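# Coordinate inspection notes
Chain residues, written in single-letter form:
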Amino acid sequence: MHVVVVPAAPDRVQVLDVDDDDAVVAKVELDTADLPGLVNAREAAVDAPAPRWVWPDTATWYPALLAAQVAVARCWDLRLCHAILRASALTARTTFASVPPSAWDQPRTQTDSDRLFDLDPPVRLDPLEELRRQRRALAAAAGPGGESESGRLGLLLAAESAGALVAAEMTHSGVPWDAAEHDRILAAVLGKRPVPGYRPALLEAKLTQLRAALGVGDFNPDSPGELLKALRLAGLPATSTRSWELREIDHPAIAPLLEYKKLSRLLTANGWHWLDTWVAGGRFRPVYVPGGVVTGRWASDGGGALQLPHQVRGAVRADPGWTLVVADAAQLEPRILAAMSGDLAMARAGQATDMYEGMVAAGAVETREQAKYGMLGAMYGGTQGESGRMLPRMIKAYPQALALVEHAARAGERGEVVSTWLGRSSPRPGDDWRLAQSEASDEGATGVEQERARSLARGWGRFTRNFIVQGTAAEWALCWMALLRLRLRDLTPGGDVTAGPHLAFFLHDEVMVHTPVHLAEQVAEIVRECATEAGRLLFGPAGGGGVEFQVSVAVVDSYAEAK
DNA sequence: CACGGCTGCCAC
DNA sequence: AAACGTGGCAGCCGTG
């Protein structure tokens, strides 16, 4: 049963039961404040299957339910699903794709919940009508040969919506964060917390050392321009202030400079200011943005959840009596490529615990490093260095897999759309790109224009090449989390997600579960089972030629101990 | 003074 | 090993 939540008036909401034929079979209206009670009752009902809650936006509706200790099993996030269905090549021939943009195409903003009725003109979203449109589009989903693709696209919509639930629940739960430990980490490398406006002692000392080694006194090391001038004044052949370039220069000032940069980065990105801003009550609560990346990966909005440096991961500590189960999908993208291309030789390597070692064992390459850079090059479109050197061997050993990414690259170079395994499609290149291509094909085009157009085309080809693999990996990760979330719910009585084992953090191919200690081994096993199950969900019982989606699982008190 | 582009570095 | 995919974010710096 689908249950549609319709904003009816300020502080009022309608709840509609909708059957499989899109007919409304029951309808109630109530104060929004009473919604958690109703949702809780419907979720707890033992005589009826759990509803799928249909709402315009999980990020708008779900946090209030969670705050009232009400969790739902399933939802349909209309805004996220709308975005997928509008762009997917599988629905390109439906009216859903061709009608002009509407309010459903607007990106969500943080103030949506406040402004939905305050906008001028007021925006009235009709979730029931939108659900009907989306179901029609989904039913009409078809591949290039006209074959129905409702199954895989439906899986994508379900996974995307489950991801939205996970994201809201993780923001609600937060990452267990030991602020005192974070302060100790900072003090150990930077010195004690300084008064505002001053550098910490060890950072200042490093700067003094740098100035002495350069013999240049008065410059701001945080200004790339001033720093470069100082380096050149001291006779260093630097052309930029990038660390990887500076590392090549042999000069006594380089070591203290690199150390200064490292410390300065820690201070500005994850120092005391970050701690004050983002950690409260022993929890780090980043805002996740499901579907925020074109490929389907999540983005984040504030807190830098996608770039939590290893330096501070020691501050992520389980509560007393609890522990962390940290799981990482091993060589996820290469395994995804093997499964989606149907390349049986690569799939065989993908049965190994370490896929790169599997490639070495099969004789495709000599070392694990060669396998790794060869695969990265294949998926990113690398042409230089080790990646470029490995390319012929990759093509020879895994022709079918390499043909798939090569095909995606060529399509991108022509400005065409490519799609992931479940049917999320890439955006089209922008107007600038198209203009550059058409100008370069004009008769009077200069060599410079043609080279620029070719360069842009190759760049877009690298994007589409990577899109199909990164995007399908994101789909696998969504399925992994969606399955895991439902299994963890079974271990937690009631609607309070933090009362039992729960997802606490997610990063592309890695999940963290915060769990009571006595359930840790059970959770670890569930995490492994869900990884296998996610592979079957996407690629069928045979799992894309037998690829095994291996995960490394660590049960640790601190995130720093994982991996 | 606000804002956006740029640089550089963090994560996967 | 090299500068090849996706992002976020802090600070600098020029512009209006």
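Residues numbered from 1 in each chain as written. Chains lettered and ligands numbered in written order. Predicted model: local features only at pLDDT ≥ 70, side-chain atom pairs only at ≥ 80, totals over all residues. Heavy atoms only, no water.

Below, the discussion takes up the side chain of threonine 241. Mapping threonine 241 onto the fold places it in the loop between α10 (224-233) and α11 (243-246). Not counting chain neighbours up to four residues away, the residues in contact with threonine 241 comprise Pro224, Leu227, Leu228, Leu246 and Lys261. (Helix = DSSP H or I, 4+ residues; strand = E, 2+ residues; numbered from the N terminus. Contact = heavy atoms within 4.5 Å.)

Near DNA strand B there are 16 residues, and of these Thr241, Ser243, Arg265, His310 and Asp509 occur at the shortest range. A share of 84% is what sugar and phosphate atoms reach among the atoms of DNA strand B within 4 Å of the protein. The side chain of lysine 261 places a nitrogen or oxygen atom 3.4 Å from a phosphate oxygen of DNA strand B. Among the elements that make up the surface near DNA strand B, the one with the highest residue count is helix α12 (residues 254-270) (three residues). (Near = heavy atom within 4 Å. Polar contact = N/O pair within 3.5 Å; in protein donor to acceptor, adjacent residues only side chain to side chain.)

With that settled, consider helix α14 (residues 332-341). Of all 10 residues in α14, 10 are buried, a share of seventy percent or more. When α14 is considered as a whole, its buried residues turn out to be Leu332, Glu333, Pro334, Arg335, Ile336, Leu337, Ala338, Ala339, Met340 and Ser341. Backbone geometry just after α14 places glycine 342 at a positive phi near 70°. (Buried < 20%, exposed > 50% of the residue type's maximum accessible area, 1.4 Å probe, protein only.)

This part takes up the sheet that holds strand β11 (residues 322-329). If you trace the four strands from one edge of the open sheet to the other, you get β12-β13-β11-β14, paired in antiparallel fashion. The sheet terminates laterally at β12 (502-506) and β14 (551-556), the two strands that pair on one side only. Averaged over all pairs of adjacent strands, the angle between their axes in this sheet comes to 25°, without regard to strand direction. Along the sheet, helix α21 (residues 447-490) contacts β11, β12, β13 (510-516) and β14; its crossing angle with β12, the most-contacted strand, is approximately 155°. (Pairing = 2+ DSSP bridges. Axes fitted to C-alpha atoms, helices over the stretch in contact; angles between N-to-C directions.)

This part takes up the protein's contact with DNA strand C. Around DNA strand C, the structure places 29 residues, and the nearest of them are Ser223, Gly302, Gln307, Gly382 and Arg462. Within 4 Å of the protein, the contacting atoms of DNA strand C are 62% sugar and phosphate, with bases supplying the remainder. The contact in question runs from a phosphate oxygen of DNA strand C to an N or O atom on the backbone of glycine 304, over 3.4 Å. A distance of 2.8 Å is found between a base nitrogen of DNA strand C and a side-chain nitrogen or oxygen belonging to glutamine 307. Going through the elements one at a time, α12, β10 (299-300), α17 (368-380), α18 (385-397) and α21 are the ones with two or more residues in the surface near DNA strand C. At four residues, α21 tops the list of elements feeding residues into the surface near DNA strand C.

This brings us to the domain arrangement of chain A. Partitioning chain A into domains gives domain 1 (2-173), domain 2 (180-275), domain 3 (287-331 + 475-561) and domain 4 (354-466). Summarising the inter-unit geometry, the C-alpha centres of domain 2 and domain 4 are found 37 Å apart. (Domains from an automatic or database assignment.)

Attention now moves to the sheet that holds strand β8 (residues 283-284). On the basis of which strands lie adjacent, the open sheet formed by three strands has the order β6-β8-β7 and antiparallel pairing. Single-partner strands in this sheet number two, and they are β6 (175-176) and β7 (279-280). Summarising the sheet, β7 and β8 pair through two bridges and their orientation is antiparallel. Within β8, the residue paired with alanine 280 across the bridge is arginine 283.

Looking now at the UniProt feature "domain: DNA-directed DNA polymerase family A palm" (unreviewed entry) in chain A. Look at the UniProt record and you will see "domain: DNA-directed DNA polymerase family A palm" (unreviewed entry) annotated at residues 309-519. Across residues 309-519, helical content stands at 56% and strand content at 9%; the span's end C-alpha atoms are separated by 28 Å. (UniProt positions renumbered as here; feature names shortened; annotations may be inferred.)

This part is about the environment of leucine 233. Following the sequence through the fold, leucine 233 ends up in helix α10. Each C-alpha atom of the pair leucine 233 and glycine 296 lies 47 Å from the other, and the pair is 63 residues apart in sequence.

Packing of helix α9 (residues 201-214) against α12 leaves a shortest axis separation of 9 Å and a crossing angle of 155°. The angle between α9 and α12 falls in the class roughly antiparallel. Remark: the crossing between α9 and α12 carries left-handed chirality. Residues Leu202, Leu203, Lys206, Leu207, Gln209 and Leu210 of α9 form the contact with α12, whose own contacting residues are Pro256, Leu257, Glu259, Tyr260, Leu263, Ser264 and Leu267. Looking at the contact of α9 with α12, its residues break down into nine nonpolar, two polar and two charged. (Parallel < 35°, antiparallel > 145°, perpendicular 65-115°, else oblique. Left-handed = near helix turned anticlockwise from the far one by under 90°. Nonpolar A, V, L, I, M, F, W, Y, C, P; charged D, E, K, R; others polar.)

Glancing now at the nonpolar core. One finds Trp177, Trp476 and Trp480 to be the most contacted residues of the largest nonpolar core, which totals 137 residues. Element by element, the count of residues in this core is highest for α21, at 12 residues. Apart from the residues lying within four places of it in its own chain, the contact partners of tryptophan 476 are Ala329, Leu332, Ile336, Ala531, Ala534, Gly535, Leu538 and Phe549. Judged by nonpolar contacts, the second largest core, of 20 residues, contains Trp53, Leu65, Val70 and Ala71. (Core = buried A, V, L, I, M, F, W, Y, C linked by side-chain atoms within 4.5 Å.)

This model, assessed by the stated rule, comprises 31 salt bridges. Across the pair glutamate 130 and arginine 133 runs a salt bridge whose closest N-O atoms are separated by 2.8 Å. Placement of both glutamate 130 and arginine 133 in helix α6 (residues 127-139) is noted, with a separation of three residues, approximately one turn of the helix. With relative accessibility at 1%, the residue glutamate 130 sits in the buried group. Using a relative accessible area of 31% as the deciding quantity, one classes arginine 133 as partly exposed. For arginine 193, the salt bridge identified is with aspartate 276, shortest N-O distance 2.5 Å. Separated by 83 residues along the polypeptide, arginine 193 in the loop between α8 (179-190) and α9 and aspartate 276 in helix α13 (residues 272-278) bring together distant segments of the chain. Taken together, the shared-partner salt bridges in this structure form one network comprising Glu406, Arg410, Glu413 and Arg465. (Salt bridge = Lys/Arg side-chain N within 4 Å of Asp/Glu carboxyl O.)

On to the state of the cysteines. Across all of its chains, the model carries zero disulfides by this definition. The thiol of cysteine 479 is unpaired, and the distance to the nearest cysteine sulfur, on cysteine 530, comes to 11 Å. The exposure class assigned to cysteine 530 is buried, which follows from its relative accessible area of 3%. (Disulfide = S-S within 2.5 Å.)

This part takes up the packing of aromatic side chains. All chains considered together, the criterion is met by 13 aromatic pairs. With a centroid separation of 5.1 Å and 55° between ring planes, the pair formed by tryptophan 177 and tryptophan 274 is classed as tilted. Of this pair, tryptophan 177 sits in the loop between β6 and α8 while tryptophan 274 is found in helix α13, placing the two residues 97 residues apart along the sequence. Accessibility classification places tryptophan 177 together with tryptophan 274 in one group, the buried group. Measuring from centroid to centroid gives 5.5 Å for tryptophan 177 and phenylalanine 284, while their planes differ by 70°, and the two rings are edge-to-face. Here the residue tryptophan 177 occupies a position in the loop between β6 and α8, and phenylalanine 284 occupies one in strand β8, the gap between them amounting to 107 residues. Within the aromatic cluster, the residues linked to one another by ring pairs are Trp421, Trp476, Trp480, Phe539 and Phe549. The ring of phenylalanine 219 carries arginine 211 above its face, with NZ or CZ at 5.4 Å from the centroid. (Phe/Tyr/Trp six-rings, centres within 6.5 Å; stacked < 30°, edge-to-face > 60°. Lys NZ or Arg CZ within 6 Å of the ring centre and 35° of its normal.)

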